[in-house]
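Examining the three-dimensional arrangement
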Amino acid sequence: MKEDIKSLTYPALCQRFGDLGLKRFRADQVYAWLHKVGVQDFEEMTNLSKDLRSKLDEWFTIPACRIEEKYVSAVDDTVKYLFRLNDGEYVESVVMHYNYGYTICVSSQVGCKMGCTFCASTLAGFQRNLLPAEIESQVHAAQKDLGCRISHIVMMGIGEPLDNYDNLIRFIRILSDEKGQNISQRNLTVSTCGLVPRIRQLAEEDLTITLALSLHAPNDEKRKELMPIAYKYSLSEVLPACKYYFEKTGRRLTFEYSLVGGKNDSQEDARQLAGLVRGLNCHINLIPVNPIKERNFVQSDKKVIENFKNKLEKYRINVTIRREMGRDIDGACGQLRKKYSDRQENATKDSAEEK
Ligand code: SAH
C-alpha cells in the first residue's frame, strides 16, 4: 500500500527520503509543496524532475479534501464547506471572518462517539479518525477556494480531537513547522469534552496551543444530563487536569458553556460555576445553544444570558458571549454533521413518496 506522505512530520519526511536515497533538499522542496502551497498532486511539484514526480507518485499518496458543497451565509461572511475525502467519507469545516483575520473551524473525525445530547455531529455515530493530512487539507482547500490566508484554527468541528490523539499531535507539529504552513501554535485551539488522561498527556507535549474545555454545567449531575462523558470523568478529575495543563504550559484556559434554556442558565447555576472555576486562570465563553432539529433544546432568553454573564462578572470572572456566526447555513457550534447521509436518507424518502 502507498504511504501517506502528507501526514509525515518534517523530520519523518527527511528520514524517509534518506532511506530512499533522496537528498535532504528534496525533502524541503516536497514539504513546502505539500504544506506551504497545499498541492494535491505530485504533478504540480514543478521544481522536481518528471522522473522523480512519477516515482513519488508510485510510492506515496496525498490524502485530500475536495469541496463537495459550499454554503455562504447571507447574514455574515461565514462559509461552510462539505468536503469529500478520498474514501468517499464526508466532513464539514467553517471559515469565519473576524477583524483580525480568518479563522477555520476544522473537523478531527468522521462522526463522533461522545454523544453530547445537544450536538448534531454525534447523531450519526462514529466512522473513523481523520489523518493529519486530512485535518490540514481542510485548511488548504478553504484557503485556496477563498484566496486568503487563514491565521487561526479551532478544532471545534466534527469529532473529539483528543480521541484522535496521535494524529492530532502530528497535525499540530506539521502545521506549525516553519518549513510548511508555519501557523503559530498560539493561534490554535483544541476543544475537548474532557478526556482526562489525554488532557494530562497533552500538557506534556511541549506545545503552546490553547486548551478549551466543554464544561456546559456547574456540577456533575447537570453535566451528566448533557454529556455522557461526565459519567466517566467527574469534574473533580477534569478541572485538576485543566489546571495541570495551565501549570505546564502557562496558557490561559478556555471553558465553553452552552446555555440551554431552563437547564443550566439560572442564577444559581452561574453562582456554582463561579465557585467551580475560582482560582483558575481562565476565560468562560458562553454559547447560546444552537438548535438542531432532532432535539428540542431551546436557547435561553437574551435577558437570562445577560444576567448569567453579569453574575459571573460579579465574581470577577472573565466572560464573553460567543458571537453566533453562520447559523443560517447550519454552520454554528454543534450544527456540523456529515450531511451526506442525511441527504441520502432524504433522497430515499422523496423517491418512496413519489411511488
Ligand atoms: N468534541 C469537542 C469539539 C466539538 S464542538 C468538544 O466537545 O469540545 C465545539 C463546541 O461546541 C463544544 O463546546 C460543544 O460542546 C459545543 N456545542 C455542540 N453542540 C452545540 C450546540 N447545539 N449549541 C452550542 N454549542 C454546541
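Residues numbered from 1 in each chain as written. Predicted model: local features only at pLDDT ≥ 70, side-chain atom pairs only at ≥ 80, totals over all residues. Heavy atoms only, no water.

1. Here we look at the overall build of the chain
Within the chain, the secondary structure is distributed over twelve helices and 14 strands. Relative to the compact-globule value of 20 Å for 355 residues, the chain shows a C-alpha radius of gyration of 21 Å, a close match. Seen through its C-alpha atoms, the chain measures out along the principal axes to roughly 70 × 65 × 40 Å. Taken over 355 residues, the chain has a buried fraction of 54%. (Helix = DSSP H or I, 4+ residues; strand = E, 2+ residues; numbered from the N terminus. Rg over C-alpha atoms; globule rule 2.2 N^0.38 Å. Buried < 20%, exposed > 50% of the residue type's maximum accessible area, 1.4 Å probe, protein only.)

2. Here's the deal with the site of the ligand
The full set close to the ligand counts 18 residues, and Phe-118, Ser-191, Ser-214, His-216 and Asn-290 are the nearest of them. His-216 places a polar side-chain atom, nitrogen or oxygen, 2.6 Å from an oxygen atom of the ligand. Here a nitrogen atom of the ligand and a backbone polar atom of Cys-333 are 3.4 Å apart. Contact with the protein chains hides 97% of the accessible area of the ligand, taken as 540 Å² for the molecule alone. Under a 2 Å grid-point criterion requiring more than half of the atoms, the pocket assigned to the ligand is the largest cavity. Breaking the shell around the ligand down by element, the ones donating at least two residues are β10 (188-192) and β12 (253-259). Split into classes, the residues belonging to the shell around the ligand amount to seven nonpolar, nine polar and two charged. (Near = heavy atom within 4 Å. Polar contact = N/O pair within 3.5 Å; in protein donor to acceptor, adjacent residues only side chain to side chain. Areas by Shrake-Rupley, 256 points an atom, 1.4 Å probe, with all protein chains shown as cover. 1 Å grid on protein atoms, 1.4 Å probe; cavity = no way out; pocket = protein on both sides within 12 Å on 5 of 7 lines; lining within 4 Å. Sits in = over half its atoms within 2 Å of the grid points. Nonpolar A, V, L, I, M, F, W, Y, C, P; charged D, E, K, R; others polar.)

3. A few points about the sheet that holds strand β13 (residues 282-288)
Ordered by their spatial adjacency, ten strands build an open sheet running β3-β4-β5-β6-β9-β10-β11-β12-β13-β14, and the pairing between neighbours is mixed. Looking at strand neighbours, the two that pair on one side only are β3 (65-72) and β14 (319-321), the edges of this open sheet. Across the sheet, the mean angle from the axis of one strand to that of its neighbour is 25 degrees, orientation sign disregarded. Where strand β9 (residues 150-155) and β10 come together, three bridges link them in parallel fashion. The partner of Val-154 across the bridge, within β10, is Thr-189. Packing of helix α11 (residues 302-314) onto the sheet brings it into contact with β12, β13 and β14, and relative to β14 it is tilted by some 165 degrees. (Pairing = 2+ DSSP bridges. Axes fitted to C-alpha atoms, helices over the stretch in contact; angles between N-to-C directions. Contact = heavy atoms within 4.5 Å.)

4. Points about the packing of helix α4 (residues 132-146) against helix α5 (residues 165-176)
The N-to-C vectors of α4 and α5 enclose an angle of 50 degrees; their axes lie 8 Å apart at closest approach. Between α4 and α5, the interaxial angle falls into the category oblique. Note that α4 runs across α5; the crossing there is right-handed. Listed contacts from α5 to Pro-132, Ile-135 and Glu-136 of α4 are Asn-167, Arg-170, Phe-171, Ile-174 and Leu-175. Split into classes, the residues belonging to the contact of α4 with α5 amount to five nonpolar, one polar and two charged. (Parallel < 35°, antiparallel > 145°, perpendicular 65-115°, else oblique. Left-handed = near helix turned anticlockwise from the far one by under 90°.)

5. Quick word on the side chain of Gln-143
With respect to the helices and strands, the residue Gln-143 is situated in helix α4. At 2.8 Å, the side chain of Gln-143 forms a polar contact with the backbone nitrogen of Ile-150.

6. Here we look at the environment of Gly-261
Of note, Gly-261 is situated in the loop between β12 and α10 (267-277). A sequence separation of 208 residues divides Gly-261 from Arg-53, and the C-alpha atoms of the two residues are 57 Å apart. The residues contacting Gly-261, other than those within four sequence positions of it, are Val-298, Gln-299 and Ser-300.

7. Some words on the nonpolar core
Core analysis: the biggest nonpolar cluster contains 75 residues, and Leu-188, Leu-202, Phe-255, Val-277, Ile-284 and Leu-312 have the highest contact counts within it. Each residue touching Phe-255, except ones within four places of it in the same chain, is listed here: Leu-213, Leu-215, Leu-239, Cys-242, Val-277, Leu-280, Cys-282, His-283, Ile-284 and Asn-285. Ranked by size, the runner-up nonpolar core spans 21 residues in total, among them Phe-17, Val-30, Met-45 and Ile-174. (Core = buried A, V, L, I, M, F, W, Y, C linked by side-chain atoms within 4.5 Å.)

8. Focus on the layout of surface pockets
Put simply, the largest pocket is a space of about 810 Å³. Taken together, 34 residues make up the lining of the largest pocket; nearest its centre are Tyr-98, Val-154, Met-156, Asn-285 and Arg-322. Elements supplying a minimum of two residues to the lining of the largest pocket: β5 (90-98), β6 (101-105), β9, β10, β11 (210-214), β13 and β14. Split by residue class, the lining of the largest pocket holds 16 nonpolar, twelve polar and six charged. (Points joined across faces, edges and corners; volume = space filled by probe spheres on them.)

9. Side note on the state of the cysteines
According to the stated counting rule, one finds zero disulfides in the structure shown. Counting only cysteine sulfurs, Cys-119 is the nearest neighbor of Cys-112, a cysteine outside any disulfide, at a range of 6.6 Å. Note on Cys-112: relative accessible area 9%, which makes it buried. (Disulfide = S-S within 2.5 Å.)

10. With respect to the pairing of β11
Counting buried positions along β11 gives five out of five residues, so the element sits mostly inside the fold. Covered by surrounding structure in β11 are Thr-210, Ala-212 and Ser-214 together with Leu-211 and Leu-213, the residues of both alternating faces. As paired elements, β10 and β11 share four bridges and run parallel to each other. When the bridges of β11 are listed, Ser-191 appears paired with Ala-212. The pairing of β11 with β12 spans three bridges and is parallel. By the bridge assignment, Leu-213 is partnered in β12 with Phe-255.

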